[in-house]
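Listed below, chain by chain, are the residues.
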Amino acid sequence: MIMDRKKSEGSKSIVDKSRLVDESGLNSRIVSFVTKWEFILVVLLLLEIVVFSNLTPHFLNTFNLLNTTFTFSEKAILALPMIFIILSGDIDISVAGIMALSSFAMGYASSQGAGTGVLVLIGLCVGVIAGFFNGLLVTGLNMPAIAVTLASMTLFRGISQAILEDQAYTEYPEKFGYFGQGYIGDSMVPFELVLFLVLAVIMGFVLHKTTYGRKLYAIGNSSSAANFSGISVNKVRLTNFVLNGLFAGIAAVLLTSRIGSTRPNIATGFELEVITLVVLGGVSITGGKGNIFGVVLAIFLLGYLKFGMGLLNISAKVMIITTGALLIIAVLIPGFMDSTKARNKLKRQQNLETTEKNLNKGIDE
Amino acid sequence: MRELIKKREFTLLLLIAVMLMLIVTQAPSFVSPENILRIINDTSILIMVSIGQFMVILTGGIDLSLASIIGFSGMAASMLNQYFPDLPVILILFAGMGIGTFLGLINGVLIAFGKVPPIITTLGTMSIFRGFTFVMSKGQWVTAHEMTESYMNIPHGSFLGLSNLIWAGVIVSLVMYYFMKYVRTGREIYAIGGNKVAALFVGVKENKINIIVYSLVGLLSGLAGVMWTARYAAAVNETAIGFELFTVAACVLGGVSIAGGSGTVVGVILGALFLGILTNALPVVHLSPFYQLGLQGVVILGAMIINTLSEKRNEKKLLNRRLQ
């Protein structure tokens, strides 16, 4: 211990000098910028636009580009709180179940003659309650999130299926249709898209500019370290689940309004697509790493990939395969790049060490 | 005796007995030998695949792709039968298992050498395998009249009064019970899930274990795929969609810890049987089949909560004993 201190006083640095590799050079900065996942996503998005606009004249059409966002806005909105959940090391696969329950509640209320405002309120409230239920089980009883939300997924969807059976609610007030079908004023911009962008800005602000956001990263990297440094880990996680429920409620309002009906199988499979979006956006599934910019890029990348492939008459099955492959590649390649980078750094450190030793030898002699 | 009562398998057995008694008050014929055999027959596929899922969960992973493996290998085997009706069915059975093993191996390699987390790998391959099922079949089904008698007879044929499907379930259960309890590799699977670092230090090779486990799941899913398509005499592209969640549910019910490292084959079998009885009992007690999903959710959540609470109590007891 004392020797260590002497050493560090001598070189005025905690790390042994010989292990310091200069990473501020232009070259290494360029390398670290180009290998950033967000940069790769931007390149892929541009590539996608160039390829599709060359293959079909209908791709680069403002109306088409705006209108096709209807197909992925709900999933995009669900992806935002999922970033928080995955960042802090949890997962929620019950979002589609929550949507089914919330949509069912709205359908029931509508059949009893509720107005648009009440419907939206009910939809959001059911979402929040369901999210709170998940969060309570995960944090209160300390059960793994994947097991809890797996069970609650069947429970939530099961409730709506038990009561609705094979029936559907199709009667909604006319005004209710605006949320999922309407445009802003007379423009071509869908309401759903604007809502998503506004929510993304808010969630991005919370994630990157507030202490709450920093807490998420701390918890994701080491929840016990976060706990010891005074973060009430369980409170944050509970908040995440409630937030996720609220957003599932919003998505349920939008989807129900867009398709104008509620069936028990509404939004089936959404949970996996949402997780795919988040992971494709560069958020580490083990938590602690990722940002909102990457996820927004991934949302548009995947959304427009599906749109372009649809224009080219490529079958839905090929799209499914592509999505699955993209998901794996999105984790495989950054992992590979990281390990290569680490290996290179180690090599340079070793080189530095040997040259320093040689220098010292020279002085001794 | 006390040890036995404390065991989770015993609790589950008790639960099953209580459930059966409740059902019997409504429908006495439910526990007739024929009906019990019918339920076991119905549940055999779930039992086989759940044991596979159990091994994966033991290592701390999860396999979401096994339903797609069932779909793919079932479709492949049925198409083999359709285009080469003269091929002996035993060869087709092995082909289905081989295809399943290969798909599982892909998962294993990606996880072991690609260092892609299991949930991501299998989420991706779930879509990929399902997509290729459609591509291979060109969206067509293989229906009963395109299959040979002998193919459809694989699960239905009987030996010593039990159907082949039950025999398959029994054999898989026995082999896996022995494997997980007495074979070195089986114990290594427990070791990896219990404490990975400790396991690595005593010489357990994590990559090898991952590859073995995911290939085995593939093998069992391949077998299940052949059985499934032959039993229902139809290979559709959507075979077994959502089945992966049932297998996880059976494991969770059977007391397998989702974090890995603990659980038994017997528990998983009982968990699967519990789900099987629940599904089969609904029409008997005049509950609408639409209640099934919700009831399953309640049962799984309830079992998990009871499990967690009893574990906590045990921990507290241990702590108290140590403090005294």
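Predicted model, so just to flag it, every value in this text is computed and none were measured. (Residues numbered from 1 in each chain as written. Chains lettered and ligands numbered in written order. Predicted model: local features only at pLDDT ≥ 70, side-chain atom pairs only at ≥ 80, totals over all residues.)

**Details of the overall build of chain A**
Moving on, step 1. Helix and strand content of chain A: 16 helices and zero strands.
Moving on, step 2. Counting only C-alpha atoms, chain A reaches 95 × 55 × 35 Å along its principal axes.
Moving on, step 3. Looking at chain A as a whole, 41% of its 365 residues qualify as buried.
Moving on, step 4. Across chain A, the fraction of contacts at a sequence separation of at least 24, relative to all contacts at a separation of at least 6, is 79%. (Helix = DSSP H or I, 4+ residues; strand = E, 2+ residues; numbered from the N terminus. Buried ≥ 20, exposed ≤ 12 C-beta atoms within 10 Å, placed from the backbone. Contact = placed C-beta atoms within 7 Å.)

**So, the overall build of chain B**
Moving on, step 1. A count of helices and strands for chain B gives 14 helices and two strands.
Moving on, step 2. In terms of overall size, chain B behaves like a compact globule, its C-alpha atoms giving a radius of gyration of 20 Å where 324 residues would be expected to give roughly 20 Å.
Moving on, step 3. If one aligns the C-alpha atoms of chain B with their principal axes, the spans along those axes are about 75 × 55 × 35 Å.
Moving on, step 4. The long-range fraction of contacts in chain B, counting pairs at least 24 apart against all pairs at least 6 apart in sequence, stands at 78%. (Rg over C-alpha atoms; globule rule 2.2 N^0.38 Å.)

**Here's the deal with unusual backbone geometry**
Moving on, step 1. In this model, A:Glu165 sits at a positive phi of 50°, which is unusual for a non-glycine residue.
Moving on, step 2. A tally of 13 C-beta atoms within 10 Å means that A:Glu165 is categorised as partly exposed.
Moving on, step 3. Its identity is not glycine, yet B:Lys138 carries a phi of approximately 55°, on the positive side.
Moving on, step 4. When you line up the elements, B:Lys138 lands in the loop between α6 (118-137) and α7 (149-156).

**Quick look at the nonpolar core**
Moving on, step 1. The biggest cluster of nonpolar side chains holds 183 residues, and the ones touching the most others in it are A:Ala79, A:Ile83, A:Met99 and A:Val278.
Moving on, step 2. At 14 residues, the largest contribution of residues to this core is made by helix α11 (residues 206-231) of chain B.
Moving on, step 3. When residues no more than four places from it in sequence are discounted, the contact partners of A:Val278 are A:Ala79, A:Met82, A:Ile83, A:Ile86, A:Val283 and A:Val295. (Core = buried A, V, L, I, M, F, W, Y, C linked by C-beta atoms within 7 Å.)

**Points about the interface of chain B and chain A**
Moving on, step 1. Counting from both sides, the interface comprises 38 residues of chain B and, opposite them, 34 residues of chain A.
Moving on, step 2. Counting only elements with at least two residues in the side of chain B that touches chain A, the list comes to α6, α12 (243-253) and α14 (292-323) of chain B.
Moving on, step 3. By residue number, the principal contributor to the side of chain B that touches chain A is α6(B), which donates 14 residues.
Moving on, step 4. Along the lines of polarity and charge, the residues of the side of chain B that touches chain A split into 25 nonpolar, 11 polar and two charged. (Nonpolar A, V, L, I, M, F, W, Y, C, P; charged D, E, K, R; others polar.)

**Here we look at the environment of A:Gly182**
Residue and element names in this part refer to chain A.
Moving on, step 1. Its location among the elements puts Gly-182 in the loop between α9 (178-181) and α10 (191-209).
Moving on, step 2. We classify Gly-182 as partly exposed; it has 14 C-beta atoms within 10 Å.
Moving on, step 3. Residues Gly-182 and Ser-257, spaced 75 residues apart in sequence, show a C-alpha to C-alpha distance of 9.6 Å.

**Notes on the confidence of the model for chain A**
Moving on, step 1. On average, residues of chain A carry a pLDDT of 87, and 93% of them reach 70 or more.
Moving on, step 2. Here residues 1-11 of chain A is a poorly scored stretch, pLDDT under 50, and it has three contacts once near neighbours within four places are set aside; other chains count. (pLDDT = per-residue confidence, 0-100.)

**Some words on the packing of α7(B) against α11(B)**
Working note: a packed helix pair is described by the angle between its axes plus the distance between those axes.
All names here are of chain B.
Moving on, step 1. Between α7 and α11, the least distance of the axes is 8 Å, while the angle of their chain directions is 110°. On the basis of their axis angle, the class for α7 and α11 is roughly perpendicular. α11 is crossed by α7, and the crossing has left-handed handedness. Residues Tyr-151, Met-152, Ile-154 and Pro-155 of α7 form the contact with α11, whose participating residues are Val-226, Met-227, Ala-230 and Arg-231. (Axes fitted to C-alpha atoms, helices over the stretch in contact; angles between N-to-C directions. Parallel < 35°, antiparallel > 145°, perpendicular 65-115°, else oblique. Left-handed = near helix turned anticlockwise from the far one by under 90°.)

**Some details on the packing of α12(B) against helix α13 (residues 265-284) of chain B**
All names here are of chain B.
Moving on, step 1. As a packed pair, α12 and α13 sit with axes 7 Å apart at the nearest point and diverge in direction by 120°. Of the possible angle classes, the one that applies to α12 and α13 is oblique. Here α12 runs over α13; the crossing is right-handed. Of α13, the residues touching α12 (which contributes Phe-246, Ala-249, Ala-250, Cys-251 and Leu-253) are Val-268, Gly-271, Ala-272, Phe-274 and Leu-275.
Moving on, step 2. Grouping the constituent residues of the contact of α12 with α13 by class yields nine nonpolar, one polar and no charged.

**Side note on the confidence of the model for chain B**
Moving on, step 1. Here chain B averages 86 in pLDDT, while 98% of its residues score no lower than 70.
Moving on, step 2. Taken element by element, the predicted model of chain B shows its lowest mean pLDDT in helix α1 (residues 2-6) of chain B (59) and its highest in helix α5 (residues 89-112) of chain B (93).

**Describing the environment of B:Ala67**
Residues and elements named next belong to chain B.
Moving on, step 1. Structurally, the position occupied by Ala-67 is in helix α4 (residues 66-83).
Moving on, step 2. Distance in space between the C-alpha atoms of Ala-67 and Phe-290 is 22 Å, their sequence separation being 223 residues.
Moving on, step 3. Those residues in contact with Ala-67, other than ones at most four positions away along the chain, are Ala-240, Ile-241, Gly-242, Phe-243 and Glu-244.

**Points about the environment of B:Gly297**
Moving on, step 1. Inspection of the secondary structure puts B:Gly297 in helix α14.
Moving on, step 2. The buried category is assigned to B:Gly297, around which 23 C-beta atoms lie within 10 Å.
Moving on, step 3. With near-sequence residues (within four places) excluded, B:Gly297 lies in contact with A:Ala151, A:Ser152, A:Thr154, A:Leu155 and A:Gly158.

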